[in-house]
Amino acid sequence: MPPRDSVAMDSKVRERRVRLRKHIDAPPAIGPAEAGDARALALELAGLQSERPIDPMSLGVVLEPGEVLWRASMSWLRVRIDGLWSEASWSQVLITERRLLVRLASNDLVSLWWGSMVGFEVDLHAGHVVLDFGDGRTRLLSGPAVAVVAVAGVAQLYGIPALVTHPSLAPLRA
């Protein structure tokens, strides 16, 4: 028979997994406004619509020379460590052509570079994007920023033409 603490820990792990599944399987988190903003970003990236300038100084960030801030939004961030997802943290996500700059609840800034990514999985129906950098700490973003992160990621990782062919973006084309 396993020790009492082990049984309690197993039930906590199961409870956390169930909560995550409920969060991921929740009704679509992509509302009409978010879908519209993602479509607008796709048109901007394709050169079919003028860009909306965002001043990074007003957000308290410094970008690299020539780096362009495409969007600023909010998202839930989870990190998977040792097979378990962390608690969700409400975070500001700044989307550029080079990276996702995430301001954590602690106010720390973390750069998630497009060029360092080894895995990118989009599920707009479930309302999340999974980012894998091959460091054993997979990240999951969910919430309002998901649609624009998906568009930016597809454009940067697969090219602008993929915006009209990538299957994960089909809900935005409907």
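Conventions used here
- Residues numbered from 1 in each chain as written.
- Predicted model: local features only at pLDDT ≥ 70, side-chain atom pairs only at ≥ 80, totals over all residues.
- Heavy atoms only, no water.
- Phe/Tyr/Trp six-rings, centres within 6.5 Å; stacked < 30°, edge-to-face > 60°.
- Helix = DSSP H or I, 4+ residues; strand = E, 2+ residues; numbered from the N terminus.
- Buried < 20%, exposed > 50% of the residue type's maximum accessible area, 1.4 Å probe, protein only.
- Expected span 1.5 Å × (residues − 1).
- Axes fitted to C-alpha atoms, helices over the stretch in contact; angles between N-to-C directions.
- Parallel < 35°, antiparallel > 145°, perpendicular 65-115°, else oblique.
- Left-handed = near helix turned anticlockwise from the far one by under 90°.
- Contact = heavy atoms within 4.5 Å.
- Nonpolar A, V, L, I, M, F, W, Y, C, P; charged D, E, K, R; others polar.
- Core = buried A, V, L, I, M, F, W, Y, C linked by side-chain atoms within 4.5 Å.
- Pairing = 2+ DSSP bridges.

Turning our eyes to something else, we now look at the packing of aromatic side chains. Enumeration according to the criterion identifies 2 aromatic pairs in this entry. Ring centres of Trp 76 and Trp 90 lie 4.8 Å apart, and the angle between their planes is 55 degrees; on these two criteria the pair is classed as tilted. Of this pair, Trp 76 sits in strand E1 (residues 69–81) while Trp 90 sits in strand E3 (residues 89–96), placing them 14 residues apart in sequence. When its relative accessible area of 38% is taken as the criterion, Trp 90 is described as partly exposed. With a centroid separation of 6.2 Å and an interplanar angle of 75 degrees, the aromatic rings of Trp 114 and Phe 120 are classed as edge-to-face. A relative accessible area of 4% places Trp 114 in the buried class.

To continue, consider helix H3 (residues 146–158). For an α-helix the count is 3.6 residues per turn, leaving residues at separations of three or four pointing the same way. For H3, which comprises 13 residues, the first-to-last C-alpha distance of 17 Å matches the rise-based estimate of 18 Å (1.5 Å per residue) to within 8%. Counting buried positions over the 13 residues of H3 gives 10, a clear majority of the element. Residues Val 146, Ala 147, Val 148, Val 149, Ala 150, Val 151, Ala 152, Gly 153, Val 154 and Ala 155 constitute the buried set of H3.

Contact geometry of helix H2 (residues 32–45) with H3 gives a least axis separation of 8 Å together with a crossing angle of 25 degrees. By the criterion of interaxial angle, the relationship of H2 to H3 is roughly parallel. H3 is crossed by H2, and the crossing has right-handed handedness. Contacts between H2 and H3 involve Glu 34, Asp 37, Ala 38, Leu 41, Ala 42 and Leu 45 on the former and, on the latter, Ala 147, Val 148, Val 151, Ala 152 and Ala 155. Of the residues assigned to the contact of H2 with H3, the class counts are 9 nonpolar, no polar and 2 charged.

So, on to H2. Under the 1.5 Å per step criterion, the end-to-end length of H2 is 20 Å for 14 residues, consistent within 8% with the ideal 20 Å. Those residues of H2 that sit buried are Ala 35, Ala 38, Ala 40, Leu 41, Ala 42, Glu 44 and Leu 45. Structurally, H2 contributes buried residues whose contacts are with E1, H3 and helix H4 (170–173). Gly 47 occupies a position one or two residues after H2 and carries a positive phi of about 80 degrees.

Our focus in this paragraph is unusual backbone geometry. Unlike most non-glycine residues, Asp 82 shows phi in positive territory, near 55 degrees. With respect to the helices, strands and loops of the structure, Asp 82 is situated in the loop between E1 and strand E2 (84–85).

Leu 100, Leu 131, Val 149 and Val 151 are the most contacted members of the largest nonpolar core, which has 36 residues in total. Listing elements by their share of this core, those giving two or more residues are H2, E1, E3, strand E4 (99–103), strand E6 (119–123), strand E7 (128–132) and H3. Among the elements that line this core, the one with the most residues is H3, at 9 residues. Leaving out residues up to four positions away in the same chain, Leu 131 has contacts with Leu 100, Leu 112, Met 117, Gly 119, Phe 120, Thr 138, Arg 139 and Leu 141.

Bringing the pairing of E4 into the picture now. Here E4 lies mainly inside the structure; 5 of its 5 residues are buried. Alternating residues of E4 divide into Arg 99, Leu 101 and Arg 103 and Leu 100 and Val 102, and every residue in both groups is buried. Relative to E4, E3 is paired through 4 bridges, and the arrangement is antiparallel. Paired with Ile 95 across the strands is Leu 100, a residue of E4. Between E3 and E4, which pair antiparallel in sequence order, lie 2 residues. Pairing geometry for E4 and strand E5 (residues 109–113), over 5 bridges, is antiparallel. Of the residues in E5, the one forming a bridge with Arg 103 is Leu 109. The turn linking E4 back onto E5 is made up of 5 residues, and Asn 107 within it adopts a positive phi angle of 80 degrees.

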